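Chain by chain, the residues:
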Amino acid sequence: MITITINGIDRSDHIDVDSIIFTQGVSKQPSILAFTIKKNSSKTIPNLGQAVIMEEDGERLFKGTLTEKGESVIEGLVVGYSYAAKDGLHNFDRKLVKKAYNSTDAVSVAQDIVDSFSTGFTLEAPAVGPGVDSIRFNYEQPSKAMQALAGEIGWDWYIDPYDVVHFFPKKDKVAPFEITDTNGNLSWGSLEFDSNILELKNIVYVRGGEYLDAISESEAIDKYTADGYQLAWPLVYRYNGVQVTVDGVSKTVGIDNITDPLSVDVLYNFSEKSIRFREDNKPADEALVKIFGNAYIPLIVQASDSISISAYGEFEDIKIDKNINSIREAEMLAGAVLDQWSEGSYEGRFRTMQKGLRAGQYITINSAEFGVNDSFKINTVTGRMKGHDRMEYTISFLKSGETDFTDIMVGLLGKDRKNIVISDDEVIQRLIKIEETFGAGDEITEIVKTVGPYHYEDVAGGNTPGIYNFSTYS
């Protein structure tokens, strides 16, 4: 039995049953409920902004807000009103997130987004999530902030019909049933599979901003042999707390264009990445000049999937985000991209009359007919009325790789790669994804039993010696 409540009143009998379409997408897409009401004198026509709840056999499938309304003439002279309701994302995105988070964990960030930038929503998540060195949101909708946070650590999220924001590791949400050729959960003849490698990616570069790394004098990259004439040297890195030595002798350092050159040995220019000596104290011929300190090092990480490369050859991709300033964050993003795209795109669909499936769940499909026994992520759930009191669901699922309009727009808007300079001397941190198995075994050859009681006495008197961490005092 399907019931639709609008503004707290059951309007099920006002709605054209055949017009009801329920579409539920992954976390980055809102769920939509669409229906039509034919106008007559006995029906109340809903207004935009009113709350909508749909239930099936008493179980809530959808809660949202009427956001669209169309009016047209249907069936001769009958006026029809077509409505679309958007799920909890409509109210979740009322405010903008304006905050930077540093040295915390992902669950704490998600909790603060829900608590500080939304009203009426609660968070359900593990007690602790992966660490987040830094992430910043500059006037972004909470849903976009959650999506960015989830994408950075390889998690997923969604809002349920009870205004609960679920934030969880991928594959933690398991479908309540599985699909086989014979268990009755599948509408006969509806299972289909598609695959392609059009968007295959098995080598991923992540170019972040810069991270600080302490470089000692013995590890100095910026080291130069003087010729007795040169006063200035360009540097590989910028430094916070720069130090300079000449033949191991420490020199006083000032700020170029600010410090009086006569008050220090050498001037440092952060913007131009250079140091400059005075004419009267320039390093002598063959003197070794070293510059070191806390260096700002350009961050670039490479991750690769050897199995995919072996199967298809190398296909490279790059993600650029100047807000990433730690190797671990970059590696997590690169790994998430590999997980999604290293197998290309493998997806399919089926129909079912069973309730309980939602986008984001992982469902096991075991089909001897197709030679498949694997877990797939449910990408979309589309419900249409089957008769007058039941709904049939079309389930789209994928194993890997899928791009939609949201991804395209994020790519178009995220043009930071044009604002970043990549130099030839950048050091790549390499992360290689491999499959490896191992085994372990143990064998007990002899059991020695020790009996008590034990005493604080000399063992020479025939007393049994106690074994540390196994004995008790009695």
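Quick note: structure is the one above.
Residues numbered from 1 in each chain as written. Predicted model: local features only at pLDDT ≥ 70, side-chain atom pairs only at ≥ 80, totals over all residues. Heavy atoms only, no water.

1. Brief notes about the overall build of the chain
Helix and strand counts for the chain come out as six helices and 29 strands. Relative to its 474 residues, the chain shows a buried fraction of 42%. (Helix = DSSP H or I, 4+ residues; strand = E, 2+ residues; numbered from the N terminus. Buried < 20%, exposed > 50% of the residue type's maximum accessible area, 1.4 Å probe, protein only.)

2. Quick notes on the nonpolar core
Judged by nonpolar contacts, the single largest core of 37 residues is most densely connected at Ile 20, Leu 33, Phe 35, Met 54 and Phe 350. The set of elements that each furnish at least two residues to this core consists of strand E1 (2–6), strand E4 (32–38), strand E5 (51–56), strand E6 (59–74), strand E7 (78–87), strand E26 (362–367), strand E27 (372–386) and strand E28 (390–400). Leave out the neighbours within four places in its chain, and Phe 35 touches Ile 6, Ile 15, Ser 19, Ile 20, Leu 66, Tyr 81, Ser 82 and Tyr 83. Formed by 34 residues, the second largest nonpolar core is a distinct cluster that contains Tyr 211, Tyr 224, Val 244 and Leu 299. (Core = buried A, V, L, I, M, F, W, Y, C linked by side-chain atoms within 4.5 Å. Contact = heavy atoms within 4.5 Å.)

3. Observations regarding the environment of Glu 343
With respect to the helices and strands, Glu 343 occurs in the loop between helix H5 (327–341) and strand E25 (345–352). Taking C-alpha positions, Glu 343 is 9.8 Å from Ile 309, a pair spaced 34 residues apart along the chain.

4. Points about the packing of helix H3 (residues 142–153) against H5
Relative orientation of the contacting elements H3 and H5 amounts to 90 degrees, with a least axis distance of 6 Å. Comparing the axis directions of H3 and H5 gives the class roughly perpendicular. Residues Gly 151, Glu 152 and Ile 153 of H3 form the contact with H5, whose own contacting residues are Glu 329, Met 332, Leu 333 and Ala 336. Tallied by class, the residues present in the contact of H3 with H5 amount to four nonpolar, one polar and two charged. (Axes fitted to C-alpha atoms, helices over the stretch in contact; angles between N-to-C directions. Parallel < 35°, antiparallel > 145°, perpendicular 65-115°, else oblique. Nonpolar A, V, L, I, M, F, W, Y, C, P; charged D, E, K, R; others polar.)

5. Some thoughts on the pattern of salt bridges
Counted according to the given criterion, the structure contains 14 salt bridges. Among the ionic pairs, Glu 124 bridges to Lys 173, the shortest N-O distance being 3.8 Å. Of this pair, Glu 124 sits in strand E9 (residues 122–124) while Lys 173 sits in the loop between strand E12 (164–169) and strand E13 (179–180); the two residues are 49 residues apart in sequence, bridging distant segments of the chain. Among the residues examined, Glu 124 registers a relative accessible area of 42% and is labelled partly exposed. The network of salt bridges with common partners includes Glu 192, Asp 194 and Arg 349. (Salt bridge = Lys/Arg side-chain N within 4 Å of Asp/Glu carboxyl O.)

6. Quick look at the environment of Val 128
Relative to the elements of secondary structure, Val 128 occurs in the loop between E9 and strand E10 (131–140). C-alpha of Val 128 to C-alpha of Ser 108: the two residues are 20 residues apart in sequence and 7.6 Å apart in space. Leave out the neighbours within four places in its chain, and Val 128 touches Asp 105, Val 107 and Trp 155.

7. What to know about unusual backbone geometry
Even without being glycine, Tyr 139 reaches a positive phi, approximately 55 degrees. For Asp 163, which is not a glycine, the phi torsion comes out positive at approximately 65 degrees. Residue placement: Asp 163 occurs in the loop between strand E11 (155–159) and E12. The class of Asp 163 is buried, set by a relative accessible area of 15%.

8. Let's talk about the sheet that holds E9
Read from one edge of the open sheet, three strands run E9-E12-E11, paired in mixed fashion. Each edge of the open sheet is held by one strand with a lone partner, namely E9 and E11. The mean inter-strand angle of the sheet, taken between neighbouring strand axes irrespective of direction, is 20 degrees. Lying on the sheet, helix H2 (residues 106–117) is in contact with E9, E11 and E12; it crosses E9 at an angle near 160 degrees. (Pairing = 2+ DSSP bridges.)

9. Here's the deal with the packing of aromatic side chains
Applying the stated criterion across every chain yields a total of 17 aromatic pairs. Here the aromatic rings of Phe 350 and Phe 397 are separated by 6.0 Å at their centres, their planes lie at 35 degrees, and the arrangement is tilted. Of the two residues, Phe 350 is situated in strand E25 and Phe 397 in strand E28; the sequence distance between them amounts to 47 residues. On the basis of relative accessibility, which here comes to 1%, the residue Phe 397 falls in the buried class. (Phe/Tyr/Trp six-rings, centres within 6.5 Å; stacked < 30°, edge-to-face > 60°.)

10. Comments concerning H2
Since the α-helix advances by 3.6 residues per turn, residues separated by three or four positions end up pointing in the same direction. Over its twelve residues, H2 runs 16 Å from end to end, which matches the ideal 16 Å to within 8%, given 1.5 Å per residue. Burial in H2 covers these residues: Ala 106, Val 107, Val 109, Ala 110, Asp 112, Ile 113, Val 114 and Phe 117. The N-cap of H2, judged by a side-chain oxygen 3.1 Å from the amide nitrogen of Val 107 a few residues on, is Asp 105. (Expected span 1.5 Å × (residues − 1). Polar contact = N/O pair within 3.5 Å; in protein donor to acceptor, adjacent residues only side chain to side chain.)

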